[in-house]
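Here's the letter readout for the chains.
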Amino acid sequence: MYQYKEKYTLDFTNVKSYLEMHFIIRQSLDWPDYYGCNWDAFWDCLTNMVGRPIHIEIIGLDVVERKFDDAAKTMIDTLREFKHYENDAFIEDIKIEIIRGDNCEIIS
């Protein structure tokens, strides 16, 4: 379903539309072309990645927050839920970072 990488980077720095945000997600996480570009499909594809260490880095979240605040909240809430997938069975294998300038926030 996806090509395993040491780190997946979601770079939203230049995102212009909600749909483009989902295209960035699909391309950056190497998800299939049939990814549904909605939050249910986001969850389904995320949970299919479980089983190997996953490191997701998010850049430009401030752009998404400014343009699509609800979408930014939904994405972060979904990633937080994913971090605790299956009652924390994979918590040590999932690392999600939000990069804001020189600051790095780890989703816990």
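In case you missed it, the structure is sitting above this.
Small disclaimer: the values here were computed from a predicted structure and weren't measured.

Undergrad: How would you sum up the sheet that holds strand β2 (residues 54-59)? Please name residues and give values.
TA: Spatially, β1-β2-β3-β4 is the arrangement adopted by the 4 strands of the open sheet, whose pairing is mixed. Single-partner strands in this sheet number two, and they are β1 (8-11) and β4 (103-106). Averaged over all adjacent pairs, the angle separating strand axes in this sheet is 20°, with direction ignored. Taken together, the 4 bridges between strand β3 (residues 94-100) and β4 define a ladder with antiparallel strand orientation. The partner of I99 across the bridge, within β4, is C104.

Undergrad: Any chance you could break down the pairing of β1 for me, citing the residues and the numbers?
TA: Residues Y8 and L10 point to one face of β1 and are all buried, whereas T9 and D11, pointing to the other face, are not buried. Across 4 bridges, the pairing between β1 and β2 is parallel. In the sheet register, D11 faces β2, and the bridge partner there is I59.

Undergrad: Help me get a handle on the packing of aromatic side chains, residues and values and all.
TA: Tallying each qualifying case throughout the model produces 9 aromatic pairs. Here the aromatic rings of Y18 and W39 are separated by 6.5 Å at their centres, their planes lie at 80°, and the arrangement is edge-to-face. With Y18 in helix α1 (residues 18-28) and W39 in helix α2 (residues 39-47), this residue pair connects regions lying 21 residues apart in the sequence. Note on Y18: relative accessible area 34%, which makes it partly exposed. Given a relative accessible area of 17%, W39 falls into the buried group. Judged by centre distance (6.5 Å) and plane angle (90°), the ring pair of W43 and F82 falls under edge-to-face. With W43 in helix α2 and F82 in helix α4 (residues 69-83), this pair connects stretches of sequence that are 39 residues apart.

Parameters and conventions
Residues numbered from 1 in each chain as written. Predicted model: local features only at pLDDT ≥ 70, side-chain atom pairs only at ≥ 80, totals over all residues. Heavy atoms only, no water. Pairing = 2+ DSSP bridges. Helix = DSSP H or I, 4+ residues; strand = E, 2+ residues; numbered from the N terminus. Axes fitted to C-alpha atoms, helices over the stretch in contact; angles between N-to-C directions. Buried < 20%, exposed > 50% of the residue type's maximum accessible area, 1.4 Å probe, protein only. Phe/Tyr/Trp six-rings, centres within 6.5 Å; stacked < 30°, edge-to-face > 60°.

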